[in-house]
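# Survey of secondary and tertiary structure
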Amino acid sequence: MGYSRNRLARDALYTSAAAVSGAGATWGAYALLTKQARTARTVIPHRTDKAPAKDGVYVPGTTVVERPGPHHPADVSLMVFGDSTAAGLGVDDAEHTPGVLLARGVVAETGRTVRLAVKAIVGATSKGLAAQIEAAFIAKQIPDVAVIIVGANDVTALNSIEPSARRLGAAVAQLRGAGAEVVVGTCPDIGVVQSIPQPLRSVIRRYGLQLAARQRAHVLAAGGHPVPFADTLTPEFLEAPERMFSPDNFHPSAAGYELAARLLLPEVLAALGEWHGPLPSPPEVSEAADANRLTARLARALRRD
């Protein structure tokens, strides 16, 4: 069953009540949550600027990015769809964005020429995926491999979990129907954003983890290849936030994007038939960002009453 907005609000109230406890807990919970929501809106940036772009053809043996054309044909067409993380917002040099890191990774591992096109849009949620894909199809651009990174904005916008996951699954099916292989980085663990105060951070984290689980199910059902960012990125982001986050403390830094691309690359290579050996097996459930276990236990106890 999906995690609805009503359940999110209820769990937030319970968790906040557990945190303040004692006389006047309900009013205290409401006041605490309201204050933290205002704080979160200042912490989570609403950005409209563009990520650095470097679309073009990546050729073995050179760092120059060629313009697509008859003189520079590509062996592999790689496209990236999704949100600001997919676009690489947070870094100044396009060389540190996921698309470029993946393109150069494929070139280095296979010796094949790669044409990269990034269709991701800053601020996009799962609701925007269909339009991104349609725009590529209208331009008669069909990728061999598509990479989708989406989910964080669905959480911060409180988009319902099951519809969000279904929209992602539909996007995967749309690309698969056109003949593309699809690799998806599922919703990251927003619990690593330490500047979001507790207990709100734990509530948002739970929402995101449930979205990631449903995304995985729909991606697999549509024939895609999910990579669980919440399980694989969380420990390093918690261990070294000053290195893994960009200055806005929300989007990844160059080091954060490098890690994400390193996790995606084996699945991209496997989709191209270029990965020889077993794929990495990430953990099923991430508990690394559950920073307030006492509060979580109190919240569960309140829900049972």
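Rules of the game
Residues numbered from 1 in each chain as written. Predicted model: local features only at pLDDT ≥ 70, side-chain atom pairs only at ≥ 80, totals over all residues. Heavy atoms only, no water. pLDDT = per-residue confidence, 0-100. Contact = heavy atoms within 4.5 Å. Buried < 20%, exposed > 50% of the residue type's maximum accessible area, 1.4 Å probe, protein only. Salt bridge = Lys/Arg side-chain N within 4 Å of Asp/Glu carboxyl O. Helix = DSSP H or I, 4+ residues; strand = E, 2+ residues; numbered from the N terminus. Pairing = 2+ DSSP bridges. Axes fitted to C-alpha atoms, helices over the stretch in contact; angles between N-to-C directions. 1 Å grid on protein atoms, 1.4 Å probe; cavity = no way out; pocket = protein on both sides within 12 Å on 5 of 7 lines; lining within 4 Å. Points joined across faces, edges and corners; volume = space filled by probe spheres on them. Left-handed = near helix turned anticlockwise from the far one by under 90°. Nonpolar A, V, L, I, M, F, W, Y, C, P; charged D, E, K, R; others polar.

### Brief notes about the confidence of the model for the chain
With 75% of its residues at a pLDDT of at least 70, the chain reaches an overall mean of 82. Confidence drops under pLDDT 50 across residues 1-5; counting only partners more than four residues distant or on other chains, this segment forms 14 contacts. Segment residues 8-25: pLDDT under 50, and 39 contacts once partners within four positions in sequence are set aside and those in other chains are kept.

### Side note on unusual backbone geometry
Even without a glycine there, the phi angle at K140 is positive, about 60 degrees. For K140, a relative accessible area of 75% gives the class exposed.

### Re the pattern of salt bridges
Enumeration according to the criterion identifies seven salt bridges in this entry. In this structure, E274 engages R112 in a salt bridge whose closest nitrogen and oxygen atoms are separated by 3.0 Å. In this pair, E274 is assigned in the loop between α12 (254-271) and α13 (293-304) and R112 in the loop between α4 (98-110) and β4 (114-118), connecting sequence segments 162 residues apart. With a shortest N-O distance of 3.7 Å, R176 and E181 are connected by a salt bridge. E181 gets classed as partly exposed once you look at its relative accessible area, which sits at 22%.

### Some words on the sheet that holds strand β1 (residues 56-58)
Each strand in a sheet pairs with another by means of backbone hydrogen bonds, the pair being arranged parallel or else antiparallel. In spatial order, the strands read β2-β1-β4-β3-β5-β6-β7; together these seven strands make up an open sheet with mixed pairing. Sheet topology places β2 (65-66) and β7 (225-227) at the edges, where each strand pairs with a single neighbour. In this sheet, strand β5 (residues 145-149) lies alongside strand β3 (residues 76-82) in parallel orientation, the contact comprising five bridges. Its bridge partner lying in β5, M79 is registered against A146. Contacting β1, β2, β3, β4 and β5, α4 runs over the sheet at an angle of about 170 degrees to β4.

### Focus: empty space enclosed by the protein
What the rule picks out here adds up to one cavity of 30 Å³ or more. Each pocket or cavity is described by its volume, and for the largest cavity that value is around 280 Å³. Taken together, 21 residues make up the lining of the largest cavity; nearest its centre are T85, P188, F237, F250 and P252. Breaking the lining of the largest cavity down by element, the ones donating at least two residues are α3 (84-87), α6 (152-156), α10 (234-239) and α12. At three residues, α12 tops the list of elements feeding residues into the lining of the largest cavity.

### Here we look at the packing of helix α7 (residues 161-177) against helix α8 (residues 200-221)
In the contact formed by α7 and α8, the axes pass within 8 Å of each other and the chain directions differ by 35 degrees. Here the hand of the crossing between α7 and α8 comes out right-handed. Across the interface between the two elements, I161, E162, S164, A165, R166, L168, G169 and V172 of α7 pack against Y207, Q210, L211, R214, Q215, H218 and V219 of α8. Here the contact of α7 with α8 is built from residues that sort into seven nonpolar, five polar and three charged.

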